[in-house]
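Coordinate inspection notes
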Amino acid sequence: METIIRRHAAPQRLPGHRPSTLVGVVASGNLEVLAERTVDDQSCSFHVSTAVSGFEPVWDAVLSDFAQRYAPGGVAFSINDGGARPDTVLLRLAQACQALKEDK
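An account of the accompanying structure is given in this report. (Residues numbered from 1 in each chain as written. Predicted model: local features only at pLDDT ≥ 70, side-chain atom pairs only at ≥ 80, totals over all residues. Heavy atoms only, no water.)

1. A short note on the packing of helix α1 (residues 56-70) against helix α2 (residues 86-101)
Between α1 and α2, whose axes approach to 10 Å, the crossing angle comes to 35°. At the point where α1 passes α2, the crossing takes the right-handed sense. Listed contacts from α2 to Val-58, Trp-59, Val-62, Leu-63, Asp-65, Phe-66 and Tyr-70 of α1 are Pro-86, Val-89, Leu-90, Leu-93, Ala-94 and Cys-97. (Axes fitted to C-alpha atoms, helices over the stretch in contact; angles between N-to-C directions. Helix = DSSP H or I, 4+ residues; strand = E, 2+ residues; numbered from the N terminus. Left-handed = near helix turned anticlockwise from the far one by under 90°. Contact = heavy atoms within 4.5 Å.)

Written as structure tokens, this is what we have:
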């Protein structure tokens, strides 16, 4: 297992009041994302656990792109990766943000 930890600045808090959500499933070629409102509103954090080593530059690019696009301030993301492609990572992170915005 490889662990990657990153923190990015965010210009604003992600809207909504839901405290946490879980999306996806760890299976062949996929991942799960736990998103929790546990960091300050001007940043977001990522804790990635992956069984696929050697892709840290790819993870850096994907997480940086996501942080810039969605500005998910106040959210800590815990990612358990089972070999997902970058587009799947972005999809699951976006789904987590959308779920946090909903009050259900």
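2. A word on the sheet that holds strand β3 (residues 31-36)
In spatial order, the strands read β1-β4-β5-β3-β2; together these five strands make up an open sheet with mixed pairing. If you trace the sheet from one side to the other, it starts and ends with β1 (2-9) and β2 (20-24), each paired once. The mean inter-strand angle of the sheet, taken between neighbouring strand axes irrespective of direction, is 15°. Relative to β1, α1 is tilted by about 30°, and along the sheet it contacts β1, β4 (43-50) and β5 (76-81). (Pairing = 2+ DSSP bridges.)

3. Considering the packing of aromatic side chains
As enumerated under the stated definition, the model contains four aromatic pairs in all. Seen from their ring centres, Phe-46 and Phe-66 are 6.2 Å apart, and the 80° between their planes marks the pair as edge-to-face. Placement of the pair is Phe-46 in strand β4 and Phe-66 in helix α1, with a sequence separation of 20 residues. Assigned by exposure class, Phe-46 and Phe-66 land together as buried. With a centroid separation of 5.2 Å and an interplanar angle of 10°, the aromatic rings of Phe-46 and Phe-77 are classed as stacked. Of this pair, Phe-46 sits in strand β4 while Phe-77 is found in strand β5, placing the two residues 31 residues apart along the sequence. Of the residues examined, Phe-46 reaches a relative accessible area of 1% and is grouped as buried. Each member of the aromatic cluster is reached from another via a ring pair, and the members are Phe-46, Phe-66, Tyr-70 and Phe-77. (Phe/Tyr/Trp six-rings, centres within 6.5 Å; stacked < 30°, edge-to-face > 60°. Buried < 20%, exposed > 50% of the residue type's maximum accessible area, 1.4 Å probe, protein only.)

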